[in-house]
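These are the residues of each chain, in order.
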Amino acid sequence: MRDEKAFLTAYRATDYPRPSVAVDLVILTIIDAQLRVLLVKRREHPFKGQWALPGGFVRVGETATEQGEDLDEAARRELREETGLDPQRVFLEQLYTFGKAGRDPRMRVISVAYYALVRPDLAPFVKAGGDVSDVEWFDVAQLPRLELAFDHHDVVDMALARIRGKLEYANIAFDLVPATFTIPELRHVYGIVLGRPMDPGNFRRSFNRWVQEGRIEQAPGKRITTSKPAAVFRFKR
């Protein structure tokens, strides 16, 4: 034990080549019937003035006993600093690690990407902070025509594939709808995220299965529609 303690005391991480580690955030919501992603305008080089995903470097220490912050902690901090959003009110999950050499012109940077889902009623509270000069919600359909910093097109594409794949078996749509919703309202959200219309009959069969599985339950009250009052439902956490 003494040998290991002495080894760690004398160990200097700076004696070895090592990459920097960052976190990038793909933050998604639905506004005006469009799936949108939050981009920030970079205030500093590299890619000064270009749109990018929110994110930044993980804070690290220089000793074995002071190693800095955890990845999830860094993601929550960057979310709060660059967008003003409260991490406690946002669905946040680790997505993928991007480590291709040359992805950052400054040095070797490995980025751990996260995706976040924001309820539409929280979207107006986003504000620029940290080292960004502006924030804006972009329609994901417009992104192919927009030049993004670093490899952030690849990061967004990976996030979209992930959430579209998880819609069928996970309750992640919970964070893209109001607290209660009708069946047509939920079908509309699924269609927006998937990028294609949902057949009403097929969707209702899926919806009924989710109710039987205990993922969704009927909520008190009704929604007034143009035809007649409609039952409202809610996701069960």
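Coordinates for the structure precede this section.
Described below are features of the structure shown in this document. (Residues numbered from 1 in each chain as written. Predicted model: local features only at pLDDT ≥ 70, side-chain atom pairs only at ≥ 80, totals over all residues. Heavy atoms only, no water.)

## Here's the deal with the packing of aromatic side chains
Test applied: Only Phe, Tyr and Trp rings take part, Trp by its six-membered ring, and two of them pair if their centres are within 6.5 Å. Stacked means planes under 30 degrees apart, edge-to-face means over 60, and tilted covers everything else. Helix and strand assignments follow DSSP, with helices taken as H or I runs no shorter than four residues and strands as E runs no shorter than two, numbered in order from the N terminus. Only protein chains enter the accessibility calculation, which uses a 1.4 Å probe; a residue whose area is less than 20% of its type maximum is buried, one above 50% is exposed, and one in between is partly exposed.
In this structure the tally under the stated criterion is 11 aromatic pairs. Seen in terms of ring centroids, Phe181 and Phe235 are 5.3 Å apart; in terms of plane orientation they differ by 45°. Their pairing is tilted. Separated by 54 residues along the polypeptide, Phe181 in the loop between α3 (152–166) and α4 (183–194) and Phe235 in strand β9 (residues 230–235) bring together distant segments of the chain. Each member of the pair, Phe181 together with Phe235, is buried. A centroid spacing of 4.8 Å and a plane angle of 80° characterise the contact between Phe207 and Phe233, whose relative ring orientation is edge-to-face. A residue pair is termed long-range when its members are at least 10 positions apart, and Phe207 in helix α5 (residues 200–212) and Phe233 in strand β9 qualify at 26 residues. Pair check on accessibility: Phe207 and Phe233 agree, each one buried.

## Here we look at the packing of α4 against α5
Heads up, the rule is: Comment: axis = line fitted to C-alpha atoms, over the contacting stretch for helices; angle = value between 0 and 180 degrees taken between N-to-C directions. Relative orientations are named as follows: roughly parallel for angles under 35 degrees, roughly antiparallel for angles over 145 degrees, roughly perpendicular for angles from 65 to 115 degrees, and oblique for any other angle. Pairs of residues are marked as contacts when any of their non-hydrogen atoms sit within 4.5 Å. Any residue outside Ala, Val, Leu, Ile, Met, Phe, Trp, Tyr, Cys, Pro, Asp, Glu, Lys and Arg is labelled polar, Gly included; the first ten of those are nonpolar and the last four are charged.
The interhelical angle for the contact between α4 and α5, taken along N-to-C directions, is 105°, at an axis separation of 11 Å. Considering their axes alone, α4 and α5 lie roughly perpendicular with respect to each other. Residues Ile183, Leu186, Arg187 and Tyr190 of α4 pack against Pro200, Phe203, Arg204, Phe207 and Trp210 of α5. In terms of residue class, the contact of α4 with α5 is made up of 7 nonpolar, no polar and 2 charged.

## Points about unusual backbone geometry
In the segment running from His45 into Pro46, the intervening peptide bond is cis, with an omega of 0°. One can find Pro46 in the loop between β2 (34–42) and β3 (51–52). With a phi angle near 60°, Ala33 is a residue other than glycine that sits in the positive phi range. When you line up the elements, Ala33 lands in the loop between β1 (20–31) and β2. By relative accessible area, which is 46% here, Ala33 ends up partly exposed.

## Observations concerning α3
This is how the line gets drawn: Helix span, as expected, comes to 1.5 Å for every residue beyond the first. By construction, the arc corresponds to the directions joining the helix axis to the C-beta atoms.
Given a rise of 1.5 Å per residue, 15 residues ought to cover 21 Å, and the 21 Å separating the end C-alpha atoms of α3 matches this to within 8%. For α3, the full list of buried residues reads His152, Val155, Val156, Ala159, Leu160, Ile163 and Lys166. Summarising the axial view, the buried residues of α3 lie within an arc of 140°, below the 170-degree limit, and thus occupy one face. On its buried face, α3 is in contact with β1, β2, β3, β5 (91–98), β6 (109–117) and α4.

## Some words on the pattern of salt bridges
This is how it is decided: By definition, a salt bridge exists where a carboxyl oxygen of Asp or Glu is found within 4 Å of a side-chain nitrogen of Lys or Arg.
Applying the stated criterion to the full structure yields 14 salt bridges. Its salt-bridge partner being Arg103, residue Asp151 comes within 2.7 Å of it at the nearest N-O pair. Separated by 48 residues along the polypeptide, Asp151 in the loop between β7 (132–139) and α3 and Arg103 in the loop between β5 and β6 bring together distant segments of the chain. Side by side, Asp151 and Arg103 carry an identical accessibility label, which is buried. Among the salt bridges present, the one from Arg106 reaches Asp104, with a minimum N-O distance of 2.7 Å. We classify Asp104 as buried; its relative accessible area is 7%. A single salt-bridge network, built from bridges that share partners, covers Arg59, Glu69, Arg77, Glu78 and Glu81.

## Digging into the nonpolar core
The criterion, for reference: In plain words, nonpolar cores are sets of buried Ala, Val, Leu, Ile, Met, Phe, Trp, Tyr and Cys residues tied together by side-chain atoms within 4.5 Å.
In this structure, Leu28, Val37, Leu186 and Phe207 are the most contacted members of the largest nonpolar core, which totals 41 residues. Of all the elements in the fold, those that place two or more residues in this core are β1, β2, β5, β6, α3, α4, α5 and β9. A per-element tally of this core places α4 first, with 6 residues. Those residues in contact with Val37 that sit more than four places away from it in its chain are Val26, Ile27, Leu28, Leu53, Glu136, Trp137, Phe138, Val140 and Leu143. Within the second largest apolar cluster, 20 residues are counted, among which are Val23, Ala74, Leu122 and Trp137.

## A look at the pairing of strand β8 (residues 216–223)
Applied cut-off: Two strands make a pair as long as DSSP finds a minimum of two bridges between them.
For β8 and β9, the ladder comprises 5 bridges, and the chain directions are antiparallel. Bridging across to β9, Glu217 finds its partner in Arg234. The turn joining β8 and β9, which pair antiparallel and follow one another in sequence, is formed by 6 residues.

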